[in-house]
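# Structural description and commentary
Here are the chains, one letter per residue:
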Amino acid sequence: MKLRTGAYAGAVLSAFILVAGSPGGQEGQWAGDELKGKYPYDRFEKPGKCLRCHTDIYRQWEQSMMAQAYTHHWDEIEYFDLAVRHATVNPELKPVVDGCNGCHTPLAFMAGDVTPPRPSEKSRANESVSCEACHIITGSKGDTPVNFSYVPSPGRVKYGNREGVESPEHKTQYLEFVRTAEFCGTCHNEKDPYGIWVKSTQLEWKEGPYAAQGVPCQRCHMPAAPGKNAKMSATHPDVAQHLFHGAHDEGKLKGAIEMRIHPEVRETEPGFPVRLTA
């Protein structure tokens, strides 16, 4: 049987995710596994409550991929039609599949709402990566942030990147960790149970020129602009924008280098190596 090289690459990727993601090959838990079911939903604020005061920031966030981390149709297909279905056939995969929610809908994961309802059912899992999901994080476990290793502290204290902020609704505390690439790495680094890095965005950053220059993820993906961080706040020259523009954003890509890759052959047998040239 011959495969087109594009389909072959997709088949290899799917096999890698399913086989390398199986927990049978190595003992141990994902970094944030103990958070599953630790807190009920009522410990977490809903994004709509934040909208009352943080209107501009909320309107930015609701356009972002963070707000769609659970509801986007790509993620729904990958999670329900692929991952959940495979875990039904092979129950050993369920802890790994449940772990997807640790970053795609953290509050549902911490509430033990796994497998969450589909997005069409409009449950709280649809909040995806909400305001609360980030602003209750106080740190990360271990030396390397990975696999939802964030340490949450649900409650009236919300942690942010600005000192001396007062709110009539909740307590606000400055936290240096929020400004670091390690904060992002708690979800943007992922290692499978075999010890293979599925993605290592923060670690790649750490080895690159921006880390050497002291430029964290937030500088590019949450650029500062003049504005108010709440309706009642003063105007600041450096309010972090919550659009989280990345590779999905056409405007962001216009500043990137285009690289095209072609295979040396168009058809091949399964298992036969294919050389790709950029």
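Going by the structure above, here's the rest.
Report follows, based on the coordinates. All values derive from a computational prediction rather than experimental measurement.

## Quick notes on the overall build of the chain
When helices and strands are counted, the chain shows 12 helices and 12 strands. Scored against the burial criterion, the 278 residues of the chain give a buried share of 38%. Summing over all exposed atoms, the chain offers an accessible surface of approximately 16300 Å²; the carbon and sulfur share of this is 56%.

## A word on the environment of Pro152
You can see Pro152 is positioned in strand β3 (residues 150-152). Here Pro152 falls in the buried class, since its relative accessible area comes to 9%. Along the chain, Pro152 and Ser140 lie 12 residues apart, while their C-alpha atoms are 8.9 Å from each other. Other than its neighbours up to four places away in sequence, Pro152 contacts Leu35, Tyr39, Met110, Ile136 and Ile137.

## Brief notes about the pattern of salt bridges
All chains considered together, the criterion is met by 12 salt bridges. Lys49 serves as the salt-bridge partner of Glu169, at 3.0 Å between the closest nitrogen and oxygen. Of the two residues, Glu169 is situated in the loop between β4 (157-160) and β5 (171-174) and Lys49 in helix α2 (residues 47-51); the sequence distance between them amounts to 120 residues. Residue classification places Lys49 among the partly exposed positions, given a relative accessible area of 28%. Across the pair Lys199 and Glu190 runs a salt bridge, and its minimum N-O distance is 2.7 Å. Look at Lys199 and you get partly exposed, because its relative accessible area is 32%. Ionic contacts of the salt-bridge type, sharing partners, join the residues Lys36, Lys94 and Asp98 into one network.

## Examining the side chain of Thr105
Locating Thr105 in the fold gives a position in the loop between α5 (94-104) and α6 (106-110). For Thr105, the residues in contact, after removing those within four places along its chain, are Tyr70, Pro116, Ala125 and Ser128.

## Looking at α5
Two residues of an α-helix separated by three or four positions point the same way, owing to the 3.6 residues in each turn. Considered for burial, the residues of α5 that qualify are Val96, Val97, Asp98, Gly99, Asn101, Gly102 and Cys103. Residues of α5 that are buried in the fold lie against α4 (73-89), α6, β3 and α8 (181-188).

The rules behind the values
- Residues numbered from 1 in each chain as written.
- Predicted model: local features only at pLDDT ≥ 70, side-chain atom pairs only at ≥ 80, totals over all residues.
- Heavy atoms only, no water.
- Helix = DSSP H or I, 4+ residues; strand = E, 2+ residues; numbered from the N terminus.
- Buried < 20%, exposed > 50% of the residue type's maximum accessible area, 1.4 Å probe, protein only.
- Areas by Shrake-Rupley, 256 points an atom, 1.4 Å probe, with all protein chains shown as cover.
- Contact = heavy atoms within 4.5 Å.
- Salt bridge = Lys/Arg side-chain N within 4 Å of Asp/Glu carboxyl O.

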